[in-house]
Amino acid sequence: MKYKKKILCFFLCIALMTGLFPVSAAFAAADWPTDVSISADGGILMDAGSGAILYEKNSREAYYPASITKILTALVILENCDLDETVTFSNEAVNTLEPGASILGARAGDQLSVRECLYALLLQSANEVANALAEHCSGSIDAFAELMNEKARSLGCTSSNFANPSGLNDENHYTSAYDMALISQAAFSNPTFVEIDSTTYYDVPAGKLKQYPDGWRYYAHHRMLKKNDSLYYDGVIGGKTGYTSLAGNTLVTCAERDGLKLIAVVLNGHQTHYSDTKALFDFGFRNFKSVSVAGQDSVYQDIENDLAIGGIHLGGSIRLSVGKNSAVTLPSEGDFSDVSSSLSYTLEEAAPSSAVARIDYTYGDRNVGHAYLEAVNVPAYTPDPSLLAELAESTGAISGTAGADSGLETEETEQADTPESSRADEVGPNVQEKDEKPETADSKAPEKKDRSPVISILIKGISVLAVIAVIGAAIFGFLTYRAHKERAERILRQQRREKRLKKWGYSTKEFDQIMEEHLRSKSQIKKPGLRDRWKK
C-alpha cells in the first residue's frame, strides 16, 4: 500500500511539472479591493486612463450636479470656440441669476476673451460668465443646453439632462456620478482644460471690468488643489466644486500618482465631500495599478500581422493595429494573465474614426479597460533611395578596382613578351628564315601599341560583367530567400489568425465580411486602387 502511494505521489508531481493537470486554480486571481466607504449619497472612483470603475455608490442614480456642470460647459466651449474670441456680456446674462449665486462681477457691456472667461468659469465658478459663454457660442442658453446634451450623449451618458450652463437649480437639470465621471474623463484629456483648471488663481487685467477698473485677482475654490490649505492632496490636477440648496455639496477631482490617473465624483454630500474624495483617492492609489496592454497582452501585440485582412499584406493595403496607449487597471497584487478579453463590433460615438472593432478586458466580472482595433492605410513598399545610392556607389567602386587591376596585369604581360621575342630571333630557321630580313623593335612597336588598349578594354569589360553577375546573383538569392520567408510567415500568421478567431467565436469568412462592412462604411478609409498605386 505504501508502495502504491509513493507511485501515485510521484505521478502527480510529474503531471504538475509537465502541465498535464492545470495548476492555475492553485493560484487564484487577487480579490478586487473593497475596503472603502463614503458618506455622500452618490459617488464613483474611475481610472481616467482605462475607464475602469474602482468603486461606486448609487453611481447610476440621478442627482442635481450644481456647479460641477461647468466642466461640461468648458468642454463644449473649448470644442466650439477660439480662445481669443471676444465675449460681450448681455443684460440677460448678468441680471437673471438667482440670489447668492457666485459671480465674477461683470456688468452688461463688459468684454472678455473666451480664455479669460474660462478661467472665471472654472476657478471663480462665475455664473454670469457661464451664461455669457453660452450666448456667445450658441446664441441662447437653451440652444447651448442642446449642445451640452449632445456632447454628453456622445460620451456615453445615459442618466443626464442639462438645462443650463451654470448648474443653478432646475428640476430638469440632473446627472449621475457615472455620467459625470465620463464627462470629466473627456475634460481632463484636453490639455487646455487641464492648463486652466489646474491654476490656483487668475488676475483680471485692469480696464476689463467696469466694477474693477484696476483689475482683480480671484482664487480657485477647490481646496485640495492649494498647497497652503489643510485639505491639500498630493497629486491633485484639478477639479470643480458645487453647491446649491437642492444639490447639496458636489465635488469632482482628478489626481495622478505613479502613472495612475483617477477621477473621483461625489454627489449630494453632507459637508463630507472633501473627506469622501480623500478616502476614495487613498483607496485607489493604495490598491490599484495601471498596466499597458501593448506591453503585456501577448494575444494582441502581434495583431497587426496576425489579423491582416485576408491574412496577407501585399503592397499598399489596409492593416489592423491595436491602440498603442491602451491600458487596463488591476489590483496591486493582480496579474495581466488573469485578464480575459472579448471582441465586439459595436462601437460608440467616441470611438476613433478608424476603429473597426473593440477589445474589452475583464477581471473576473469587472470591466478593467478596452482597446480598439484600428484600420490603417499602409502605402506600398518602396526601396530607400539612400540604400540604392549606396549600392550603386559600392558597385562602381568594385568595378573601378577591377579595371585598375586589369591594367597592371596587361603591363606585366607586355614586359614578359619582350624577352620571348628576343629568344625567337635567336632560334633561327624554326621561327624565321636567314634570308628574311629580321623585324626590328621599331617595326613591332606599332603592333603592340594597337593590341594593348583592346586587351585592356576586354579585360575591364569582363571584370565589370563578373562583378555585376555576382551582385545580381546575390540580389536574386536574397529576393528568393525573402519570398520563401514571407510565404512561411504568411502561412503561420493565417494559422494563428484562424485559431484566434475561433477562440472569439468567429469563422475567417465571418470576420472578413464584418471587416469589409465596417471599412466600406468609413469613407475616409480608402484602399488604394490601381490608379493610386500607379501614381505612387
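Presented here is an overview of the structure given in this document.

Taken together, the side chains of Ile475, Phe478, Leu479 and Tyr481 present a nonpolar region at the surface, about 400 Å² in accessible area. Position of tyrosine 481 relative to the elements: it lies in helix 13 (residues 441-504).

Remark: helix 5 (residues 127-138) packs on helix 6 (residues 141-154), axes separated minimally by 8 Å, with the N-to-C direction vectors making an angle of 85°. The angle between helix 5 and helix 6 places the two elements in the roughly perpendicular class. Between helix 5, through Asn131, Ala134, Cys137 and Ser138, and helix 6, the contact on the second element is made entirely by Ile141, Ala143, Phe144 and Leu147. Split by residue class, the contact of helix 5 with helix 6 holds six nonpolar, two polar and no charged.

A few words now on the pattern of salt bridges. If you walk through the whole model with that rule in mind, you get eight salt bridges. Between lysine 208 and glutamate 116 there is a salt bridge, with its nearest N and O atoms 3.5 Å apart. Linking lysine 208 in the loop between strand 5 (201-204) and strand 6 (216-219) with glutamate 116 in helix 4 (residues 114-124), this pair joins segments that are 92 residues apart in sequence. In this structure, the salt-bridge partner of arginine 217 is aspartate 203, at a minimum N-O distance of 2.7 Å. Of this pair, arginine 217 sits in strand 6 while aspartate 203 sits in strand 5, placing them 14 residues apart in sequence.

To continue, consider unusual backbone geometry. At serine 125, a position not held by glycine, the phi torsion is positive, near 60°. By secondary structure assignment, the location of serine 125 is in the loop between helix 4 and helix 5. The exposure class of serine 125 is buried, given its relative accessible area of 4%. Positive phi outside glycine occurs at aspartate 258, with the angle close to 50°.

Attention shifts here to helix 6. Here helix 6 is 14 residues long and its end C-alpha atoms lie 20 Å apart, about the 20 Å a rise of 1.5 Å per residue gives. Within the sequence span of helix 6, burial applies to Phe144, Ala145, Met148, Asn149, Lys151, Ala152 and Ser154. Tucked inside the fold, the buried residues of helix 6 contact helix 2 (69-80) and helix 5. Positive phi appears at glycine 156, one or two residues downstream of helix 6, with a value of about 100°.

Residues separated by three or four positions in an α-helix point in the same direction, a consequence of the helix having 3.6 residues per turn. The element helix 7 (residues 177-187) is extensively covered by neighbouring structure, given that 10 of its 11 residues are classed as buried. Within the sequence span of helix 7, burial applies to Ala177, Tyr178, Asp179, Met180, Ala181, Leu182, Ile183, Ser184, Ala186 and Ala187. Lining the buried residues of helix 7 we find strand 1 (42-47), strand 2 (53-57), helix 2, helix 8 (191-197), strand 8 (248-257) and strand 9 (260-269).

Pairing between the strands of a sheet comes from backbone hydrogen bonds, and it takes one of two forms, parallel or antiparallel. Overall, antiparallel pairing links the five strands, which are arranged 2-1-9-8-7 in an open sheet. Both edges of this open sheet fall to strand 2 and strand 7 (236-244), since each of them pairs with a single strand only. The mean angle between the axes of side-by-side strands here comes to 5°, regardless of whether they run parallel or antiparallel. Bridge count for strand 1 against strand 2 is four bridges, and the pairing is antiparallel.

Another point: the packing of helix 2 against helix 4. Interaxial distance between helix 2 and helix 4 falls to 10 Å at its minimum, and their mutual angle equals 165°. The orientation of helix 2 with respect to helix 4, classified from their angle, is roughly antiparallel. Note on packing geometry: the crossing formed by helix 2 with helix 4 is left-handed. Along the contact surface, helix 2 presents Lys70, Thr73, Ala74, Ile77 and Leu78, while helix 4 presents Val114, Leu118, Leu121 and Leu122.

When you line up the elements, threonine 253 lands in strand 8. The exposure class of threonine 253 is buried, given its relative accessible area of 0%. One polar contact links threonine 253 to histidine 222, side chain to side chain, over a distance of 2.9 Å. If we skip the residues at most four places from it in the chain, threonine 253 touches His222, Met224, Val236, Gly238, Gly239, Leu262, Ile263, Ala264, Thr277 and Phe281.

Thresholds applied
Residues numbered from 1 in each chain as written. Predicted model: local features only at pLDDT ≥ 70, side-chain atom pairs only at ≥ 80, totals over all residues. Heavy atoms only, no water. Patch = residues over 30% accessible without salt bridge, like charges linked within 9 Å, V, L, I, M, F, W, Y side chains within 5 Å. Areas by Shrake-Rupley, 256 points an atom, 1.4 Å probe, with all protein chains shown as cover. Salt bridge = Lys/Arg side-chain N within 4 Å of Asp/Glu carboxyl O. Helix = DSSP H or I, 4+ residues; strand = E, 2+ residues; numbered from the N terminus. Axes fitted to C-alpha atoms, helices over the stretch in contact; angles between N-to-C directions. Parallel < 35°, antiparallel > 145°, perpendicular 65-115°, else oblique. Contact = heavy atoms within 4.5 Å. Nonpolar A, V, L, I, M, F, W, Y, C, P; charged D, E, K, R; others polar. Buried < 20%, exposed > 50% of the residue type's maximum accessible area, 1.4 Å probe, protein only. Expected span 1.5 Å × (residues − 1). Pairing = 2+ DSSP bridges. Left-handed = near helix turned anticlockwise from the far one by under 90°. Polar contact = N/O pair within 3.5 Å; in protein donor to acceptor, adjacent residues only side chain to side chain.

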